[in-house]
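# Results of the structural survey
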Number of protein chains: 2
Amino acid sequence: MTQIVHTAAALIIGNELLSGKVADANLVVLARALRAVGVELRRVVMVLDHVQTIADEVRELARTHDVVFTSGGVGPTHDDVTIDAVALAFGAEVVESEPMAAMLRAHYGAALGEGHLRMARVPAGAELATNDEVRWPTVVMRNVWVLPGIPEVFRMKLPLLRGRIAGPEPFVSRAVYTNLDEPDLKPLLDRVVAAHADVEVGSYPTWRDAAYRTKLTFDGRDADAVARACDAFVALLPHGEPQRIE
Amino acid sequence: MTQIVHTAAALIIGNELLSGKVADANLVVLARALRAVGVELRRVVMVLDHVQTIADEVRELARTHDVVFTSGGVGPTHDDVTIDAVALAFGAEVVESEPMAAMLRAHYGAALGEGHLRMARVPAGAELATNDEVRWPTVVMRNVWVLPGIPEVFRMKLPLLRGRIAGPEPFVSRAVYTNLDEPDLKPLLDRVVAAHADVEVGSYPTWRDAAYRTKLTFDGRDADAVARACDAFVALLPHGEPQRIE
């Protein structure tokens, strides 16, 4: 059954990201997946592999958002502390999941060691989310989804969202591309923003792009309101503008 | 004169990032620039274009870190609220910077409008950082550097760090690539981690990479300690390993 959620937060975990050794690739993928199901991603925090730091952050984000997604820190080695941190955040023990341990035993057989079984550790009381495409369970502790950091595996998990969580209404977006600069657009934008308070209006200058100079976006959950704001803006533009509407 | 700083935080601002319309490109560039001058990036937060949210976050990050970098929200339009938020964070007024207003007047001449002059707004008491390559000033309010969101312009600002801030010592990194999997590496890593507490050891599995299966990293400010930890790990590896050391 689909749970209606309004707000989401993400906690991206890993020393390698903060040292610049690796560029995070998961956030934008998560942001798009949430947007597609109508959930607003409100806040992202990126922290080091410190269990107490992660636990504090999980507790705070879970308290202030409907749903939280963590990325990273779920392998078997010493620097994988997310499961312990999520357990700590909720005052839960870490236990061995019987179904996960059974899957590991079936997969590794005689080669199974302590290192493999660490992959079966979960906070006590966590749910295990699976579907036909994603057989390895995803740990969901209360409103916190624990996702892996490896981008290819992170992406594989996102289809789990569909059918489980959704926003109250889908988001609707329009975009207008112009060859005007922001200082000249400002008075026009101010008029549209003042008259269409229910629509989020964004202005994004480009840098040496041949096709346009500023992209304007109109976003909301009410398609008619978004269309009205966008149309009102376009009507204010001088002759020859806009370059493109999407 | 170079200021010695230990910890840094980043605040990445923009609705377009949290909605997934745009992938952030500035964080990894900042992380690498800080790493190169020996400063530890400890925390990154990404928030929407809300002035009070940004102000609260700036205040908290500035209190808990030696230096803070913001990215985004510094243009002339209604959704550019970072200058107001940084001022609010420190209880400062927003004033027009005379040198910045003069540069804008010289550049735009008769075309100068109110929209252009908004680019000269700064929190009262802010310093203006410039160098020969970056003539347009960068606002630095106490320990908060206000950087633009456009990736090409963000990058242009980073040379300003050199000679202004640096860590107490440079960071030293070693990397070892193996064809072993994390569960099998775990006991070896645990021994190295236990014996070399002053070195940060990371383990990063790859996903279908032909050249290796797990990358191990050894990081610290003491080059000898890093080399000792790395060598100790390599000595524990079975015959035929590692694939590569960097």
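What comes next concerns the included structure. Just so we're clear, the structure is a prediction, and the values are computed from it rather than from any experiment.

## Re the interface of chain B and chain A
With 55 residues of chain B at the interface, the matching set in chain A holds 55 residues. A combined buried area of about 4,600 Å² lies between chain B and chain A, and 59% of that area is made up of carbon and sulfur atoms. Of all residues in chain B, Lys21(B), His78(B) and Trp207(B) bury the most surface against chain A, accounting for 14% of the area lost on that side. Here chain B and chain A share four salt bridges between them. A salt bridge links Arg43(B) to Glu57(A); its shortest N-O distance comes to 2.7 Å.

## Overview of the relation of the copies chain B and chain A
With an RMSD of 0.0 Å, chain B superimposes on chain A once it is rotated by 180 degrees and translated 0.0 Å along the axis. Expressed as a symmetry operation, the mapping of one chain copy onto the other fits a two-fold axis. Looking at the rotation axis and the C-alpha trace of chain B, the residue lying nearest is Val45(B), at 2.2 Å.

## What to know about the side chain of Lys157(A)
For Lys157(A), the location among the structural elements is in helix α7 (residues 151-157). Non-local contacts of Lys157(A), meaning those with residues more than four positions away in its chain, are made with Val134(A), Trp136(A), Pro137(A), Thr138(A), Leu147(A) and Pro148(A).

## Topic: the packing of aromatic side chains
Within the structure shown, the criterion is met by six aromatic pairs over all chains. Here the aromatic rings of Tyr177(A) and Tyr212(A) are separated by 4.8 Å at their centres, their planes lie at 75 degrees, and the arrangement is edge-to-face. Of this pair, Tyr177(A) sits in strand β11 (residues 172-178) while Tyr212(A) sits in the loop between β12 (200-205) and β13 (214-220), and the two are 35 residues apart along the sequence. With centroids separated by 5.6 Å and ring planes inclined at 45 degrees, the aromatic side chains of Phe218(B) and Phe233(B) adopt a geometry described as tilted. Here Phe233(B) lies in helix α9 (residues 223-236) and Phe218(B) lies in strand β13 (residues 214-220), a separation of 15 residues in the sequence. The class for Phe218(B) is buried, based on a relative accessible area of 0%. Of note, Arg221(A) hangs over the ring of Phe171(A), and the distance from its end group to the ring centre comes to 4.1 Å. Over the ring of Phe171(B) we find Arg35(B); its NZ or CZ atom is 3.9 Å from the centre of that ring.

## What to know about the environment of Leu17(B)
Inspection of the secondary structure assignment puts Leu17(B) in helix α1 (residues 15-18). A relative accessible area of 9% means that Leu17(B) is categorised as buried. A sequence separation of 169 residues divides Leu17(B) from Lys186(B), and the C-alpha atoms of the two residues are 36 Å apart. Those residues within four positions of Leu17(B) in sequence are excluded, and the remaining contacts are Ala31(A), Ile12(B), Val22(B), Ala23(B), Asp24(B) and Met46(B).

Conventions and cut-offs
Numbers given for residues are sequential positions, taken from 1 along each chain in its written order. Chain labels run from A onward and ligand labels from 1 onward, assigned in the order the entries are written. At least 70 in pLDDT is required for a residue's local features to be given in this predicted model, at least 80 for side-chain atom pairs to be given and counted, and no such filter applies to totals for whole chains, interfaces and linings, which use all residues. Neither water nor hydrogens contribute to the side-chain values; these are computed over all heavy atoms in the structure. Residue contacts are counted whenever heavy atoms from the two residues lie within 4.5 Å of one another. Note: buried area is the sum, over both parts, of the accessible area (probe 1.4 Å) each one loses when the two are combined. Between Lys or Arg on one side and Asp or Glu on the other, a salt bridge is scored when a side-chain nitrogen of the former is within 4 Å of a carboxyl oxygen of the latter. All copies are superposed by least squares; the fitting set is the C-alpha atoms of residues with a pLDDT of at least 70 in both. Where helices and strands are cited, they refer to DSSP runs of H or I of at least four residues and of E of at least two residues respectively, numbered from the N terminus. Only Phe, Tyr and Trp rings are paired, with Trp represented by its six-membered ring, and only when their centres lie within 6.5 Å; those with planes under 30 degrees apart are stacked, over 60 edge-to-face, the remainder tilted. Partly exposed residues are those whose accessible area sits between 20% and 50% of the maximum for their type, while under 20% is buried and over 50% is exposed, using a 1.4 Å probe and protein chains only. Charges are assigned to positions over rings by a cutoff of 6 Å between ring centre and Lys NZ or Arg CZ, combined with an angular limit of 35 degrees from the ring normal.

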